[in-house]
Amino acid sequence: QVQLVESGGRLVEPGGSLRLSCVASGNIWSIDLMPWYRQTPGRQRELVAYINNNEQTNYADSVKGRFTIFRDNAKKTVSLEMNNLKPEDTAVYFCKQVIVKDDDFTEADYWGQGTQVTVSS
């Protein structure tokens, strides 16, 4: 069974920084795409950033230059470094990992439980 566990969300003042992490565990053969999403009440989940297995990254325009996504394949972890946070970054952040299992070699999307980031003074 594959599980994703997120950590790092908390209350932070505008201009502050946070690092979110997402660790996968279970019967994993390989991990391809590792995106981060965020969601606020009444709105659709939006893509914040992603990194693929070639270390290529992509960011939403709203976070370019402030957020950095990186991965550690050995630790099965994807992290999101967030700097110069703004109140509009307040949301529940979700990680997703596209994982191939090592038992049947099927590929599927797995989601973390979400972690709350609140940017407020």
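Residues numbered from 1 in each chain as written. Predicted model: local features only at pLDDT ≥ 70, side-chain atom pairs only at ≥ 80, totals over all residues. Heavy atoms only, no water.

**A closer look at the side chain of N27**
Okay, step 1: By the secondary structure assignment, N27 is in the loop between β3 (18–25) and β4 (28–31).
Okay, step 2: A polar atom in the side chain of N27 sits 3.0 Å from the backbone nitrogen of Q1.
Okay, step 3: Polar contacts involving the side chain of N27 include one to the side chain of D103, which spans 2.9 Å.
Okay, step 4: Filtering out sequence-adjacent residues up to four positions away, N27 remains in contact with Q1, V2, V100, K101, D102 and D103. (Helix = DSSP H or I, 4+ residues; strand = E, 2+ residues; numbered from the N terminus. Polar contact = N/O pair within 3.5 Å; in protein donor to acceptor, adjacent residues only side chain to side chain. Contact = heavy atoms within 4.5 Å.)

**What about the nonpolar core?**
Okay, step 1: Of all hydrophobic cores here, the largest spans 30 residues; its most connected members are W36, L80, M82 and Y93.
Okay, step 2: Of all the secondary structure elements, the ones that give two or more residues to this core are β3, β4, β5 (34–39), β6 (46–51), β8 (67–72), β9 (77–82), β10 (91–101) and β12 (115–119).
Okay, step 3: With residues near it in sequence (within four places) discarded, L80 still touches L18, R19, L20, W36, V48, A49, F67, T68, I69 and Y93. (Core = buried A, V, L, I, M, F, W, Y, C linked by side-chain atoms within 4.5 Å. Buried < 20%, exposed > 50% of the residue type's maximum accessible area, 1.4 Å probe, protein only.)

**So, the sheet that holds β8**
Okay, step 1: Reading across the sheet, the 4 strands line up as β1-β3-β9-β8 and stay open at both edges, with antiparallel pairing between neighbours. The open sheet has two edge strands, β1 (3–7) and β8, and neither has a second partner. With strand direction ignored, the average angle separating the axes of adjacent strands in the sheet is 15 degrees. (Pairing = 2+ DSSP bridges. Axes fitted to C-alpha atoms, helices over the stretch in contact; angles between N-to-C directions.)

Honestly, that's just the spatial picture; any functional story needs more than this.
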